[in-house]
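# Chains, contacts and geometry: an overview
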Amino acid sequence: MKICNVDVVKLKEQFGTPLYIYDKEHLKRNIMLYLNNFKSKEFDTEVLFASKAFCIKEMVRLINSCNMSLDVVSIGELYTALSVGFPMEKVYFHGNNKSLSDLEFALEHNVGTIVVDNLMELIALEDLCKNKNKKANIIIRLNVGVEAHTHKFIVTAHVDSKFGVIYNSNDYKEMMKILKDSKNITFKGFHSHIGSQIFDLDAFTHALEKLIVICKDFDKPLVLNIGGGFGVHYTDEDKPISFDIVSKTLINTCEKALKENNVKIEKLCIEPGRSIVAEAGYTLYTIGYIKKTPNKEYYFIDGGMTDNIRPALYQAKYDADIVGKENELKKHIVTVAGKCCESGDLIIENIPLPEAKPGDLLITYTTGAYGYSMSSNYNKALTPAVVFVEGDEAKLVVKRQSYEELIEREI
Ligand SMILES: *Cc1c(COP(=O)(O)O)cnc(C)c1O
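Conventions used here
- In this numbering scheme, every chain counts its residues from 1 along its sequence in written order.
- Local features in a predicted model are, by the rule used here, given only for residues with pLDDT of at least 70; side-chain atom pairs are given and counted only at 80 or more, and totals for whole chains, interfaces and linings are based on all residues.
- Remark: hydrogens and water are excluded; side-chain values derive from all non-hydrogen atoms of the structure.
- Secondary structure elements follow DSSP: runs of H or I no shorter than four residues count as helices, runs of E no shorter than two count as strands, and numbering proceeds from the N terminus.
- For a compact globule the rule gives 2.2 Å times the number of residues to the power 0.38, and the radius of gyration it is set against comes from C-alpha atoms.
- The buried label applies to any residue whose accessible area, calculated with a 1.4 Å probe on protein chains only, is under 20% of its type's maximum; exposed applies above 50%, and partly exposed to all values in between.
- Two residues qualify as a contact provided that any one of their heavy atoms is within 4.5 Å of a heavy atom in the partner residue.
- Here, Shrake-Rupley sampling with a 1.4 Å probe gives the accessible areas, and only protein chains in the shown set may cover a residue.
- The charge count treats Lys and Arg as positive and Asp and Glu as negative. His and the chain ends do not count.
- The location of each charge is read from NZ of Lys, CZ of Arg, CG of Asp or CD of Glu.
- Throughout, nonpolar core names a set of buried Ala, Val, Leu, Ile, Met, Phe, Trp, Tyr and Cys residues whose side chains join them through atoms within 4.5 Å.
- The term salt bridge refers to a pairing of a side-chain nitrogen on Lys or Arg with a carboxyl oxygen on Asp or Glu at a separation within 4 Å.
- Two cysteine sulfurs form a disulfide in these notes if their separation is within 2.5 Å.
- Residues are said to line a cavity or pocket when one of their atoms sits within 4 Å of a point; the points come from a 1 Å grid over protein atoms alone, cavities being sets where a 1.4 Å probe fits but cannot get out and pockets being open sets with protein on both sides within 12 Å along at least five of seven lines.
- Grid points are joined across faces, edges and corners, and a volume is the space filled by probe spheres set on the points.
- Note on residue classes: Ala, Val, Leu, Ile, Met, Phe, Trp, Tyr, Cys and Pro are nonpolar, Asp, Glu, Lys and Arg are charged, and everything else, Gly too, is polar.

## Things to note about the overall build of the protein chain
Helix and strand counts for the protein chain come out as 12 helices and 19 strands. Taken over C-alpha atoms, the radius of gyration comes to 23 Å for the protein chain, in line with the 22 Å a tight globule of 411 residues would show. Considered along the principal axes of its C-alpha atoms, the protein chain spans approximately 70 × 55 × 40 Å. Expressed as a percentage of its 411 residues, the buried residues of the protein chain come to 55%. Partitioning the contacts of the protein chain with sequence separation of at least 6, the portion at a separation of at least 24 is 70%. Only carbon and sulfur atoms are counted for the fraction: they give 49% of the accessible area of the protein chain, which is about 19000 Å². Positive and negative charge centroids in the protein chain, built from 50 and 56 side chains respectively, lie 2 Å apart.

## Focus: the nonpolar core
Ranked by internal contacts, the top residues of the largest apolar core, which has 111 residues, are Phe54, Met59, Leu125, Ile138, Ile140, Phe190 and Val277. No other element matches the 9 residues that helix H8 (residues 201-215) contributes to this core. In this view, phenylalanine 190 contacts Ile139, Ile140, Leu142, Tyr172, Met176, Leu211, Ile214, Phe218, Leu222, Val223, Leu224 and Asn225; residues no more than four positions away in its chain are not counted. Grouped together as the second largest cluster of nonpolar side chains are 16 residues, Val8, Phe15, Tyr282 and Tyr365 included.

## Re the pattern of salt bridges
Opposite charge on two side chains permits them to pair, given that their charged atoms come into close proximity. Counted according to the given criterion, the structure contains 14 salt bridges. A salt bridge links lysine 177 to glutamate 174, with the shortest nitrogen-to-oxygen separation between them at 3.9 Å. Of this pair, lysine 177 and glutamate 174 both sit in helix H7 (residues 170-181), separated by 3 residues, roughly a single helical turn. Residue lysine 177 is classed as exposed on the basis of its relative accessible area, which comes to 52%. Classification of glutamate 174 as partly exposed rests on a relative accessible area of 35%. For glutamate 266, the salt bridge goes to lysine 188, with nearest N and O atoms at 3.7 Å. Here glutamate 266, found in strand S11 (residues 265-270), pairs with lysine 188, found in strand S9 (residues 185-191); they are 78 residues apart in sequence, far enough to count as distant. Each of Lys24, Lys28 and Glu390 takes part in one network of salt bridges that share partners.

## Comments concerning the state of the cysteines
Using the criterion set out here, one finds 0 disulfides in the structure. Free of any disulfide, cysteine 4 has its nearest cysteine sulfur in cysteine 66, 15 Å distant. Looking at cysteine 66, the relative accessible area reads 17%, which means it is buried.

## Concerning empty space enclosed by the protein
Going through the model one piece at a time under the given rule, you end up with 1 cavity of 30 Å³ or more. If you trace the largest cavity, you find it lined by Ile198, Phe199, Leu201, Phe204, Phe230, Gly231, Pro240, Ile241 and Val246. Classifying every residue of the lining of the largest cavity gives 8 nonpolar, 1 polar and no charged.

Rendered as structure tokens:
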């Protein structure tokens, strides 16, 4: 099996397992599908990478080299962007509970746009700007009440969501009052993010139309950001829409709704995270022991919930192969289990795979989003290395953690 032109067995020999592998050519293709198709003659457009899906220096460099913008939700992510010289004017800073020091850090580094989540945050930011004599551009995160049909833990836009404010609620009105009088804060527009791993584009067009109607309250053309959440293929149950179609559909919907409502906007933004990185990522494991119980057969791997928490957290499904046996008959129904002391540490339940033996390599697909970024040191597992592959080249972009590093902060 090869990723780009590089043999997966060679990657194991050179970097060990577990190993996160990214196909850089695929990353670039995904980025270009959005950049080339999310364009309009009637308003500006901007595509932001939601960095929380996979935030490491090399990824931020790639985003920068493609001229894409960046969404961060924490100072840690912002710090990563700063460390590689990412232009701060192209950064959007999200989060429902940014502390005063978070906001101060963002102002000091001239972050382009702060996405304000709630009334108290706006009051804090206004005070801070006054005291520090700083200016800020903001957009406000709205809860537009659109519920996307994905797993309930991932849905964010129901009325009691922890994210955003509800249009015309008392808090919303209060915020508009503050913004009207503010000398330091420039209100640019609105943001909405309706969920994740969404396949139904109607959910987005519905949210977008709601935002456009709200634009009628304002004299100046606003910036609208409709978030990310575009679905990807994990298993054959998932039928994603290709990202060029996603982009074009959103643009067309926006243009049409603007005409119908007779409003103009300054700019439309989207912020895909998962859909840029997920399918470009693989995780490579070595199979250890194989165990048969009365009703099950387990293939034990040398990683698990520490490098991929999603199956345990959301019952996420994955597909896998035994490297070198992709075309063999898949006549064993097995459960791929990790090595953590946790019964829920199962990466894939009941997947048909060929017969494997200890030492075989198992590869899981579509692990590029929320795998590395949600990894943990539970059981004091070491965080795996990350490699980017392109053409014949494999480049180490994150070193495997060492045991010294694992305990270095402990006093
Ligand atoms: C998580 C998140 C995204 C990205 O979602 P994906 O499902 O990874 O595309 C975009 N915007 C906001 C505000 C988010 O919280």
